[in-house]
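An overview of the molecular structure
So the chains spell out like this:
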Amino acid sequence: MKALRSIPSTAILWIVALLYLIPVAWFVLSSFKPGSELFSLPLRLFPQDWTVSGYVTAWTRFDFSRYFFNTATVAIITTILTVLVSAMTGYAFAKYKAWWLKAFFICILATTMLPTEVIMPSSFIVVRNVGLFNTLAGIIVPSILTATGIFMFRQYFSTVPDELLEAARIDGLGEFRLFWLIMLPLARPIAVVLAIFSFQWRWNDYIWPLIILTDPKNYTLQVALRSIVGADNIDWSVLLGASVISLIPMVILFIVFQRQIVNADINSGLKD
Amino acid sequence: MSAPTQLPVATPIADAPRRRPRTTRRSQLVAPAILISVAIVLFALFFVWPGALAVMYSFTDYRGVGSRFNFIGFQNYTRLFADDAFYASLGRTLLYTVLAVPAHYVVSLAVAVLLTSSLAKGKTSARVVFFLPWLISPIVAGVIWRWLFGENFGLVNYLIAAMGGQGIRWETDATAALLLIVIVGTWGSTAFNMLLFVAAIRNIPRSYLEAAEIDGANAWQRFRRITLPLLAPTSFMVILLTTIGSMKEFAMIQALNGGGPGTQNMFIVQYIYRTGFERANIGYASAASMILMLILVVIALIQLRFDRNRDLS
Amino acid sequence: MRLLTGTWKSVAAIAAATVALTLVTACSGGGASQQSQGTQQPLQFFLSGDANQGGGFAHMAQKYQQQTGATVEIVDIANADLPTKLKSAAQANALPAMARVGAIDPVWRDLTVDLAPITNGSKIMMKLAAVTSEGKVLSIPTDVTAVGMFINKTLFDKAGVKYPTTEDDIWTWDEFVSAVNQVKKEAGTKYGMVMDRSSHRLSAFLYEFGSTHWQPDDAGQFSTNDATKQALEYFNKLNDDSFMPRSVWLAEGDGNALFKSGDVAAYMSGSWQIADFAVNIKDFEWASVYLPKQPVRATQFGNAANIVVYDGPQKQQALDFVKWLYDPANYTELATKSSFLPAIEGLKVTYASNGDAFDLYNSEIAAAPEIVSTIKSQALAYEVAGMATEGDPVRDETVKYLNGEQDVDTTIKNINEQLTSQLGPLP
């Protein structure tokens, strides 16, 4: 009976998923087409002439293992710090009352309101003056503060009932232990979501690592990939092949960690 | 049916007399201050400092690094308010935002609900499918969508023609182009909002929904009366972030149609880019950015008024 | 309540380690700029798109190392990001040894080395080089590019339509349009011609109608002649979504892709496409043909990029490399590998394929009228003085005109105004 009842939901889910999948499928299938086939009419979804030449060229031209390593290092360090700082700040906004907290929250929101192009040249001057030019810290530290992350934790913590904190305080728990030992574990699902977001943001960073780092061996993946976009033309088959390769780690990461979001027993602190 | 008024919390000393420790007041001020300290430092360094520079530049005729500049007072601003193109791009951006926010919200919420319903099958794979668009970089996404919706050689028009219709002018008709931007924007950002909703939906104690089901509420009623209100904080966040993001949209449009046809779909950030950065009028670009920020702050403050009731009970 | 103490202890440990690591990396660098390198390290050469264009520079760097033992490191950066990268590097005192750039940036203009030792006594095309009024050579051209017309030869042959193959019977635009329309009819293609959305290509079109482009008078006021108006009106007529697709100019549609699809009879682009077409067009035969005239025979030529050498401890080695590179024998090898039109006069380059196409371009350049060189040298003069229109008024105003947002007189007026306010009198 349940199998029958699941049909409408499953059907809708998969129709929508298919709509989302088609463009991606096109992209992946196109990476297997030779350059000459990409633009010829009539348009075809599947390649006539399956080839991996784009991938081969991409793999030999770019030292993917090095770029993966560089990007992963920066992404992991930044993500851990981002999640921590966002959690601390979001928690403070959600669970404490003070006018200056509300004001600072608006300030944090304001950071999303200036376009990056405006902020970037000035940020560069700041990084240079602080002495972080050409260091890994120069790309890590400016990326730690994210209004989105702080906002996420604020909203999440705001759904945690105040009684929980009161009870803990009455138990004699200090504020920091309260945060560390109770609140943070409670927020594991949202921490995982933010970690995935943050990793993806750093994975795709290109302009910042490009201008801060001078040794090309330290460049990140996107910097290398964008060099395919030449002055006069774009080598599409290489770009497609390289893009697919660069997506794979993120997809694997997501598959592994998405269970954390969905299956985490959030209600563990709220047994009824 | 209303949500239960008391959240049952099992603590061993729930009946103990409520006694506020005397140190609460002070620690309740010190603790948050320390918690936000790191954020304050980073904020000051990487937002206030560059932001202050940007404000200063907006009152000058600065042309970029290495050039001398003069203070010209409010000239940039008066020029801005006298420019028709500024109002046109601002209006277009607002129109897009009004269209995009509901679209993004409804679609990602619907997808999140489907992904957390106990009935649908194949949820895990579907989750990955929805996540993929978000991973694709704007350059590649722009190309994909041009191939699909290209006016001359795109797949969609090809199919429409094959079925006997006439291809839609996705690139040379301003309205069709705008709709296309909404579609592509929704496609790309579903994953982000969907994940936030999924985490929040999982946060709703199953006991509420089960109790309601026992009381005879059907799926839609359960959703409307329990899930939706409890999702309010997340909904608010999604709406606010989507609003701000839509107002700042730039890279995706560049990849899709360059703000075309002509300049009819030029949004405000592209305007800033075109008249400011491309012509090395950093002062002018900074002034326009300040106005954009002001508008966004006002929108955020208005929306913040709706985020009042965060009390679960 | 369960306290996951164990887990959180390890998280705390990780966090502490992360902070420590960050502090360590704050001090680490790996600086590879000229300033920190000293003279023993590889010479960094910033450029864009070398790999896409046959890898000529990479090949020459390798050869240089075999011959002299000195290492030149080719750093390929996305075209759109290269100016930003150089700007920031200049601000942080971390410029590379040399770079291949599209234009001189005022930010690092005074940090370049005089290339006169290389150009004196050589046959490098100095009219494409950036030279200051004092005679300092800021940059030298690496190649020459020119606008040209491609046709889908298969379609032309199928329709039985002829096209000019010698310099004596070059077609006019009217003749070209009717020939292409006939191909459209007979061969059943969707579009007649597509042109890249670029003022560079449009300039060739304007010159062919006898336009004198936009020039400043002594007071810095820009203006143009009547032929420009005629040319723009003609262009607008062509963009009727039947002869030319409107999506290219109006919505940044990809002209290159449209031509490759095989459903367009002609493509007005330039010499750099030859190498791309040789590899990526397999479904039909293409050919380079003479540009139409109305009544002037003209092409817009220039150079895609110049080489600059930056001041610093490695400047002598960089100069040595560049001098070696421009030795006629070596330069010929570079031009062959990268399919460049040579920037050194009197060089005979034998290309791996499509040699006749390259010959065509050379003859078009040789036949170009004086006005093209005049405008080009004006542009260079502005560039050397550190002034440029960073946007593209000619292109952007034309786009608005094509889209029906304004009429042709307003378009020309706007272009005049923008060029006047941004550039002013010739330096």
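Look a little higher up for the structure.
One structure accompanies this document, and this report is about it. The written sequence of each chain sets the order in which its residues are numbered from 1. Going through the entries in the order they are written, you letter the chains from A and number the ligands from 1. Since the coordinates come from a predicted model, pLDDT governs what is reported: local features require at least 70, and pairs of side-chain atoms require 80 or more to be given and counted, while whole-chain, interface and lining totals use all residues. Note that water and hydrogens are dropped before the side-chain values are worked out from all heavy atoms of the structure.

This part covers the interface of chain C and chain B. Note on definitions: a residue-residue contact is assigned when non-hydrogen atoms from the two residues lie within 4.5 Å. Listed as interface residues are 24 residues of chain C and, on the opposing side, 21 residues of chain B. By definition, a salt bridge exists where a carboxyl oxygen of Asp or Glu is found within 4 Å of a side-chain nitrogen of Lys or Arg. In this structure, the connection of chain C to chain B is made through one salt bridge. Its salt-bridge partner being Arg274(B), residue Asp396(C) comes within 3.7 Å of it at the nearest N-O pair. Secondary structure elements follow DSSP: runs of H or I of four or more residues count as helices, runs of E of two or more count as strands, with numbering from the N terminus. Among the elements of the structure, α10 (246-251), α17 (393-402) and α18 (408-422) of chain C are those that each provide at least two residues to the side of chain C that touches chain B. Broken down by element, the side of chain C that touches chain B gets its largest block of residues, four residues, from α10(C). When its residues are assigned to classes, the side of chain C that touches chain B shows seven nonpolar, eight polar and nine charged. When residues are sorted by character, Ala, Val, Leu, Ile, Met, Phe, Trp, Tyr, Cys and Pro go into the nonpolar class, Asp, Glu, Lys and Arg into the charged class, and all the rest, Gly among them, into the polar class.

All names here are of chain C. For Ala204, the position within the fold is in helix α8 (residues 199-208). Exposure is judged per residue with a 1.4 Å probe applied to protein chains only, and the accessible area is read against the type maximum: over 50% gives exposed, under 20% gives buried, and values in between give partly exposed. On the basis of relative accessibility, which here comes to 0%, the residue Ala204 falls in the buried class. Setting aside chain neighbours within four positions, we find Ala204 in contact with Val147, Met268, Ala298, Thr299 and Gln300.

Residues and elements named next belong to chain C. Counted residue by residue, strand β1 (residues 43-47) has five buried out of five residues, so it is predominantly covered. Strand pairing follows a simple DSSP-based rule, namely that at least 2 bridges must link the two strands. With five bridges joining them, β1 and strand β2 (residues 72-76) adopt parallel strand pairing. Across the sheet, Phe45 pairs through a bridge with Ile74, a residue of β2. The path from the first strand over the helix to the second decides the hand: if it runs clockwise while the strands point away from the viewer, the crossover is right-handed. Crossover β1 to β2 through helix α3 (residues 56-68) is right-handed.

Residue and element names in this part refer to chain C. Orientation is described by lines fitted to C-alpha atoms, with helices fitted over the stretch in contact, and by angles between N-to-C directions that extend from 0 to 180 degrees. Where α17 contacts α18, the two axes come as close as 9 Å, and the packing angle between them is 160 degrees. Classified by the interaxial angle, the pair formed by α17 and α18 is roughly antiparallel. When you trace α17 past α18, the crossing you get is right-handed. Judged by residue contacts, Pro393, Val394, Glu397, Thr398 and Tyr401 of α17 engage Val408, Thr411, Asn414, Ile415, Gln418, Leu419 and Gln422 from α18. When its residues are assigned to classes, the contact of α17 with α18 shows six nonpolar, five polar and one charged. Comment on the angle field: the value is read as roughly parallel under 35 degrees, roughly antiparallel over 145, roughly perpendicular from 65 to 115, and oblique elsewhere. Crossing handedness follows the turn of the near helix against the far one: under a right angle anticlockwise gives a left-handed crossing, and clockwise gives a right-handed one.

Take the sheet that holds strand β5 (residues 137-141) of chain C next. Residues and elements named next belong to chain C. Spatially, the six strands line up as an open sheet ordered β2-β1-β3-β13-β5-β4, and their pairing is mixed. For this open sheet the edge positions go to β2 and β4 (130-131), each flanked by a neighbour on one side alone. As defined by bridge partners, β1 adjoins strand β3 (residues 98-101) across two bridges and the pair is classed as parallel. Paired with Phe46 across the strands is Ala99, a residue of β3.

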